[in-house]
Amino acid sequence: MTEILGKKLGMTQVIGEDGKMCPVTVVAAGPCCVIQVKTRENDGYEAIKVGFSEIKKVKNVNKPMTGVFSKANSKPYRILREFHMSDLKTGEMITVERFSKGDIVTVSGISKGKGFQGVMKRHNYAGGPGSHGSMFNRAPGSIGASSYPSRVWKNKGMPGHMGSERVTVKNLKIIDVRAEQNVLLILGAVPGAKGTYLEIRKEK
Amino acid sequence: MDMISVIEEGFKRDLGDFNIGDTVKVFVKVTEGDKQRIQPYQGVVIGKKGGGTRESFMVRKISFGVGVERIFPVCSPSIDRVEVIKRGSVRRAKLYYIRGRKGKAAKIKEKETRY
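Residues numbered from 1 in each chain as written. Chains lettered and ligands numbered in written order. Predicted model: local features only at pLDDT ≥ 70, side-chain atom pairs only at ≥ 80, totals over all residues. Heavy atoms only, no water.

### Structural notes on the overall build of chain A
Now for step 1: Summing up its helical and strand segments, chain A has 3 helices and 12 strands in all.
Now for step 2: Here the contacts in chain A between residues at least 6 apart in sequence split such that 68% fall between residues at least 24 apart.
Now for step 3: In the structure as shown, chain A presents an accessible area of about 12200 Å², 50% of it carried by carbon and sulfur atoms.
Now for step 4: In chain A, 33 side chains carry a positive charge and 17 a negative one; their mean positions are 12 Å apart. (Helix = DSSP H or I, 4+ residues; strand = E, 2+ residues; numbered from the N terminus. Contact = heavy atoms within 4.5 Å. Areas by Shrake-Rupley, 256 points an atom, 1.4 Å probe, with all protein chains shown as cover. Lys, Arg positive; Asp, Glu negative; His and termini not counted. Charge placed at Lys NZ, Arg CZ, Asp CG, Glu CD.)

Okay, here's the thing in structure tokens:
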């Protein structure tokens, strides 16, 4: 598995190889520095810890985190994640060059927050008729039966907070890799607003 | 410049200077099987839309008595080149009003060029 951390910059349209317009998301991905290599002997599992989005002002890094970065002899980073990648050493950089045109990737990120939403937007309930004197417009309706079960079933869709949760989108194609700018162009939309931190994974 | 405009810049094309109301000849690349040839399409530019890589223009012509409108993306690789045949003098950005007109009424006044 090849993974990289990135930041969503926004969407645009580019011309694909067949001359057709492609909607793409521009992601500034990497370079990610390997901070720590976890081994089965030391930590019980194998993983690498990587950092992304460098913190320019050293005074913004607190003391415990300064220790983490000085141990790895690296610059301080804003985002730390663990990846299941092997044959990497501490201090090595993961760049977009590990990805190539036409790769199929999985992208995870925090979706846009929608606030407190009703059941029609949150759970795709049908709602009621909008007119003809109907007084049942966007309400959820009945939430269950009476004597049995005498309670509301678990996971019953109700109004509540929507969005701002981790969303994964699979089978996205990489249209272009701009290694000198550290940019990936991914076909289609990815979760989150502009500036969202993303994890981009490639199965191998 | 931010990264998105840098990326869009790489796909932009300059088709030369033509405006709404102009009569243009668009040379379209047509692929038939494994052969490619160039087909001219001549008509009046009745509108432009969008910006950046999304910019497009609409060309209207009368073909065998039937009105035909084609929308071309400016950065489309299937356009070989665009030639301006006539400069038109119009007061509108979208010339949709010529759709309902025929013959002389659909004519667009030619721009007077001062030398």
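### Brief notes about the pairing of strand β1 (residues 23-32) of chain B
All names here are of chain B.
Now for step 1: Pairing geometry for β1 and strand β2 (residues 35-49), over 10 bridges, is antiparallel. Residue pairing in the sheet places Glu32 in a bridge with Lys35 of β2.
Now for step 2: Where β1 folds back onto β2 in an antiparallel hairpin, the turn is made up of 2 residues, including Gly33, whose phi is positive at roughly 65°.
Now for step 3: Across 6 bridges, the pairing between β1 and strand β5 (residues 79-86) is antiparallel. Paired with Val26 across the bridge in β5 is Val82. (Pairing = 2+ DSSP bridges.)

### Here we look at the sheet that holds strand β5 (residues 77-83) of chain A
Residue and element names in this part refer to chain A.
Now for step 1: Strand order across the open sheet formed by 4 strands is β5-β4-β3-β6, with antiparallel pairing between neighbours. With partners counted over all chains shown, the strands left at the sheet margins are β5 and β6 (93-94), one partner each.
Now for step 2: Sheet topology note: the strand β4 (residues 47-54)/β5 ladder contains 6 bridges and is antiparallel. In the sheet register, Val50 faces β5, and the bridge partner there is Arg81.

### Examining the interface of chain B and chain A
Now for step 1: On the chain A side, the residues contacting the 10 residues of chain B number 14 residues.
Now for step 2: A combined buried area of about 1100 Å² lies between chain B and chain A, and 73% of that area is made up of carbon and sulfur atoms.
Now for step 3: Ranking the residues of chain B by area buried against chain A places B:Ile4, B:Ile7 and B:Phe11 at the top, with a combined share of 48%.
Now for step 4: The tally of links between chain B and chain A comes to 0 salt bridges.
Now for step 5: Connecting chain B to chain A are 2 residue pairs in polar contact (both at pLDDT 80 or more).
Now for step 6: In terms of residue class, the side of chain B that touches chain A is built from 7 nonpolar, 1 polar and 2 charged. (Buried area = accessible area lost by both parts, 1.4 Å probe. Salt bridge = Lys/Arg side-chain N within 4 Å of Asp/Glu carboxyl O. Polar contact = N/O pair within 3.5 Å; in protein donor to acceptor, adjacent residues only side chain to side chain. Nonpolar A, V, L, I, M, F, W, Y, C, P; charged D, E, K, R; others polar.)

### Points about the sheet that holds β1(B)
All names here are of chain B.
Now for step 1: Read from one edge of the open sheet, 5 strands run β4-β3-β2-β1-β5, paired in antiparallel fashion. One side of each edge strand has no neighbouring strand; the edge strands of this open sheet are β4 (66-73) and β5. Here the average twist between neighbouring strands, direction ignored, is 40°.
Now for step 2: In the sheet, β2 pairs with strand β3 (residues 56-63) via 5 bridges, with the strands oriented antiparallel. Bridged to Val44 within β3 is Arg60. (Axes fitted to C-alpha atoms, helices over the stretch in contact; angles between N-to-C directions.)

### Side note on a positive patch on the surface
All names here are of chain A.
Now for step 1: Taken together, Lys112, Lys114, Lys121, Arg138 and Lys194 make up a surface patch of like positive charges.
Now for step 2: With respect to the element layout, Arg138 can be found in the loop between α3 (119-123) and β9 (160-162).
Now for step 3: The exposure class assigned to Arg138 is exposed, which follows from its relative accessible area of 56%. (Patch = residues over 30% accessible without salt bridge, like charges linked within 9 Å, V, L, I, M, F, W, Y side chains within 5 Å. Buried < 20%, exposed > 50% of the residue type's maximum accessible area, 1.4 Å probe, protein only.)

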